[in-house]
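Residues per chain are reported as follows:
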Amino acid sequence: AAIAAVSVLSVFSACSADAPSSDRFAGHPEGWRLIHNNDGTDLLANLWFGRRPISVSDIEACVDMVAETPVSTYMMCTGSEFVYYRSEYATMLGDDRGGTRDCGTDSALFNSINRYYRNILKLEEEGTDVVRVALNRAKKRGMEAFVTYRMNDLHFNDVKRPHSLLCADFWNDHPEWWTMDASQGYLSDGALDFAVKEVREHKKSIIFEQLDRYEMLDGFELDFMRFSVYFKGDGGRNHLEEMTQMVREIKGHADSLGKLRGHPIMLAARVPITLEACLDKGLDIRQWLHEGLLDFITIGVHWTGDTALPVERFRKELGADLNIPLYATIDDGGFRPRELFSHGMILGAASHILGQGADGIYLFNYYLAEYNQLKMRGESLTVEPGGTTCRIRTPHLLSFLASPDSLEGRNKSYCLGHWQPQYKVKPITDLPIAVCPDSTAAGQIFVGDKKCGTAQEAILFFRTDSPVRPKIWFNSTEITRFGDDYPETYDRARGLNESERQFAVIVPANFIKHGLNTIEFRSESGSCRIIRLELSLRYGSVEECGYF
């Protein structure tokens with residue numbers, strides 16, 4: 001890969017653990033947040049420091065990387081059935097019960113999980129845990145401190161491997177409370193069934209324990225997107241009141257603790273992207289808002305990312321009932337597993353979210369391990385072949401996510417989402433677009449930039465599932481200038497299947513407007529489907545305006 005002109009050390013030079021904290025909310029609208037969610041295991045394995053034995057200073061350094069950005073709110077995941085401390089109700093991650101549990105013949109997996117366990121014990125000997133260290137540091141550095149709890153994480157719930165190191169005690173002890181419904185997605189048959197009162201009570205016990213344990217908390221998030229399986233089949237709507245009662249009791253406990261501690265403890269939730277999908281999962285969001293059970297809400301997907309979340313639609317669905325801030329997630333998963341979003345895609349997703357009326361942005365697992373290891377070696381950022389696109393996440397990139405104004409004039413890409421349904425939550429997207437001979441098919445891309453007409457160049461990338469190359473109209477004007485070398489220059493040809501083709505056309509910037517832009521496709525011969533659609537705006541060089 002080509003080497004970027006800007007070194008990691010120069011990008012990182014603004015970061016200083018001794019820099020004074022500032023009021024991160026100053027100058028922003030009421031309700032604004034930029035939220036960083038860390039899944040905990042990334043820090044617990046000490047990936048940012050090359051997997052060396054964990055230390056308090058390493059954890060604090062990871063938080064410091066985020067603290068020198070506009071991030072307002074640091075969320076630390078505590079797991080789900082596996083947690084990162086010694087719990088009365090959940091299982092400590094990696095605890096092999098005196099050597100009685102293993103991973104069968106998978107020694108690499110055992111060693112990976114055992115590393116978590118060793119680091120938990122090391123921190124325990126020092127009288128602390130990874131959550132406590134991270135959140136105390138976040139508070140010291142001027143950020144809000146939140147626990148985010150995965151309501152039904154399925155990473156380890158494999159019904160084919162019970163009683164192994166991959167299975168938590170409560171789950172192992174109660175196979176009668178598994179959904180045994182494999183139709184919903186990966187390991188969904190091992191999901192705990194929230195129709196069972198004992199399951200809901202068990203989850204509340206863990207949540208109450210964590211609220212009690214972490215005295216520095218400004219808030220607690222219920223992450224219903226990890227994983228969004230709570231009932232057998234389509235049974236969620238039959239249990240709306242039970243789920244609401246669970247949230248009521250959690251809110252009551254948080255409020256009582258807040259009074260004792262002399263400051264409010266907020267309650268937040270991360271939920272699917274439409275009200276219909278929320279109800280299907282047993283989540284009666286409108287009722288929760290009526291009762292004042294939440295202080296803010298975030299919409300998101302499970303993992304495979306969506307750079308065009310339907311923020312405006314969600315707002316309209318709730319209407320006047322939406323009386324709290326609304327955020328939307330930029331996920332760490334790309335269009336395909338581990339095909340990570342590039343810098344330009346992240347900025348485009350942020351511009352889309354804010355442009356559609358969200359109060360802020362939620363970053364899910366915005367890992368900095370690769371960046372920090374490059375920094376430690378004194379090496380430069382690497383970019384993809386072509387020299388214009390970078391997929392290594394950096395703290396510097398976060399500095400542009402605070403507002404629409406900070407995003408203006410940055411190179412970026414607006415992409416339509418094209419992920420497959422995840423746990424029966426369906427994407428809201430025009431893709432795929434079926435193009436047939438002698439007919440017109442269309443899709444729309446939302447552009448958040450208000451000064452998009454000042455871009456030096458605009459490139460419309462589209463991918464087809466066949467060699468057919470259709471004609472294109474952009475906002476009713478035909479576009480005829482193809483850029484055959486652009487897919488390679490901008491790393492947009494990766495992952496092509498044998499039958500697929502990647503194309504690019506050059507769109508005059510003055511054709512583009514803030515808001516929805518319509519792209520029409522017509523074919524004179526042959527049919528195809530448009531399976532990816534992306535509009536990249538180049539405002540200047542990558543050195544001046546950022547990578548794509």
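Residues numbered from 1 in each chain as written. Predicted model: local features only at pLDDT ≥ 70, side-chain atom pairs only at ≥ 80, totals over all residues. Heavy atoms only, no water.

Student: Can you walk me through the packing of aromatic side chains in this structure?
Tutor: How two aromatic rings sit relative to each other is set out by the distance from centre to centre and by the angle between their planes. Counted according to the given criterion, the structure contains 16 aromatic pairs. Where phenylalanine 25 meets tryptophan 32, the ring centres are 5.8 Å apart and the plane angle is 80 degrees; that geometry is what we call edge-to-face. Overall, the relative accessible area of 29% leaves phenylalanine 25 in the partly exposed class. When the centroid spacing of 5.0 Å and the interplanar angle of 90 degrees are considered together, the rings of phenylalanine 194 and tyrosine 230 count as edge-to-face. On the criterion of sequence distance, the pair formed by phenylalanine 194 in the loop between helix H6 (169-173) and helix H7 (197-213) and tyrosine 230 in the loop between strand E7 (219-223) and helix H8 (240-261) is long-range, its members being 36 residues apart. Of the two residues, phenylalanine 194 and tyrosine 230, both sit in the buried class. Within the aromatic cluster, the residues linked to one another by ring pairs are Phe194, Phe224, Tyr230 and Trp288. (Phe/Tyr/Trp six-rings, centres within 6.5 Å; stacked < 30°, edge-to-face > 60°. Buried < 20%, exposed > 50% of the residue type's maximum accessible area, 1.4 Å probe, protein only. Helix = DSSP H or I, 4+ residues; strand = E, 2+ residues; numbered from the N terminus.)

Student: In this structure, what is going on with the sheet that holds E7? I would like to understand it.
Tutor: Paired through backbone hydrogen bonds, the strands of a sheet run either parallel or antiparallel to each other. The eight strands lie next to each other as E2-E3-E6-E7-E8-E9-E10-E11, forming a closed barrel whose pairing is parallel. Between one strand axis and the next, the sheet turns by 25 degrees as a mean value, whatever way the strands run. In the sheet, strand E10 (residues 326-330) pairs with strand E11 (residues 360-364) via four bridges, with the strands oriented parallel. Within the sheet, the bridge partner assigned to tyrosine 327 lies in E11 and is glycine 360. Each of strand E8 (266-271), strand E9 (296-299) and E10 is contacted by helix H11 (residues 311-318), which is oriented at about 150 degrees to E10, the strand it contacts most. (Pairing = 2+ DSSP bridges. Axes fitted to C-alpha atoms, helices over the stretch in contact; angles between N-to-C directions. Contact = heavy atoms within 4.5 Å.)

Student: I keep staring at the packing of helix H3 (residues 56-67) against helix H5 (residues 130-140) and nothing clicks. Help me out?
Tutor: Each pair of packed helices can be described by the angle between their axes along with the distance between the axes. Between H3 and H5, the least distance of the axes is 9 Å, while the angle of their chain directions is 45 degrees. When the axis of H3 is compared with that of H5, the two are oblique. Note that H3 runs across H5; the crossing there is right-handed. Counted together, Val56, Ile59, Glu60, Val63 and Asp64 of H3 and Val130, Val133, Ala134, Arg137 and Ala138 of H5 form the full contact between these two elements. Considering only residue class, the contact of H3 with H5 consists of seven nonpolar, no polar and three charged. (Parallel < 35°, antiparallel > 145°, perpendicular 65-115°, else oblique. Left-handed = near helix turned anticlockwise from the far one by under 90°. Nonpolar A, V, L, I, M, F, W, Y, C, P; charged D, E, K, R; others polar.)

Student: Teacher, can you tell me more about the environment of valine 301 here?
Tutor: Within the secondary structure, valine 301 sits in the loop between E9 and H11. Between the C-alpha atoms of valine 301 and tryptophan 419, which are 118 residues apart in sequence, the distance is 9.6 Å.

Student: Can you help me understand the side chain of arginine 391 in this one?
Tutor: Mapped onto the fold, arginine 391 is located in the loop between strand E12 (380-382) and helix H14 (395-398). Residue classification places arginine 391 among the buried residues on the basis of a relative accessible area of 8%. Polar side-chain contacts of arginine 391 include one of 2.4 Å to the backbone oxygen of leucine 340. At a separation of 3.0 Å, a polar atom in the side chain of arginine 391 contacts the side chain of aspartate 491. (Polar contact = N/O pair within 3.5 Å; in protein donor to acceptor, adjacent residues only side chain to side chain.)

Student: What am I meant to see in the pairing of E8 here?
Tutor: Where a strand is regular, its side chains alternate between the two sheet faces. Of all six residues making up E8, six are buried, and the element is well covered by its neighbours. Along E8, one buried face is formed by Met266, Ala268 and Arg270 and the opposite face, lined by Leu267, Ala269 and Val271, is buried too. Sheet analysis places E7 next to E8, joined by five bridges and oriented parallel. Its bridge partner being in E8, phenylalanine 220 is matched across the sheet by leucine 267. You can see the chain leave E7, run along H8 and come back into E8, and the turn it takes is right-handed. Inspection of the sheet shows E8 paired to E9 by four bridges, in the parallel sense. Its bridge partner being in E9, alanine 268 is matched across the sheet by phenylalanine 296. (Right-handed = clockwise from strand over helix to strand, strands pointing away.)

Student: What's the story with the pattern of salt bridges in this structure? I'm lost.
Tutor: Any two side chains of opposite charge can pair, given that their charged atoms come close. The final tally for this structure, using the stated rule, is 41 salt bridges. Among the ionic pairs, arginine 52 bridges to aspartate 58, the shortest N-O distance being 2.6 Å. Given a relative accessible area of 36%, arginine 52 falls into the partly exposed group. The shortest N-O distance in the salt bridge between arginine 101 and aspartate 169 comes to 2.8 Å. With a gap of 68 residues between them, arginine 101 in the loop between strand E5 (91-92) and helix H4 (107-125) and aspartate 169 in helix H6 connect regions that are remote in the sequence. Three or more residues are tied together by salt bridges with common partners; here these are Glu60, Asp64, Glu68, Arg137 and Arg141. (Salt bridge = Lys/Arg side-chain N within 4 Å of Asp/Glu carboxyl O.)

Student: Would you mind showing me how to read the nonpolar core here?
Tutor: Where a protein is soluble and globular, its nonpolar side chains tend to be buried together. Grouped together as the largest cluster of nonpolar side chains are 126 residues, with contacts concentrated most on Tyr74, Phe224, Val271 and Ile285. No other element matches the seven residues that helix H12 (residues 343-355) contributes to this core. Not counting chain neighbours up to four residues away, the residues in contact with phenylalanine 224 comprise Met151, Tyr230, Met243, Val247, Ala269, Arg270, Val271, Leu283 and Trp288. In terms of nonpolar packing, the next biggest core, distinct from the first, is built from 31 residues, Ala441, Ile479, Val505 and Ala509 among them. (Core = buried A, V, L, I, M, F, W, Y, C linked by side-chain atoms within 4.5 Å.)

Student: Would you take a moment to explain the sheet that holds strand E15 (residues 440-447) for this structure?
Tutor: Reading across the sheet, the four strands line up as E15-E20-E17-E18 and stay open at both edges, with antiparallel pairing between neighbours. Of all strands in the sheet, those with a lone pairing partner are E15 and strand E18 (477-479), marking the two edges. Averaged over all pairs of adjacent strands, the angle between strand axes in this sheet comes to 30 degrees, irrespective of strand direction. Relative to strand E20 (residues 515-522), strand E17 (residues 471-474) runs antiparallel, the two being bridged by four bridges. Looking at E20, one finds that lysine 471 is bridged to arginine 522.

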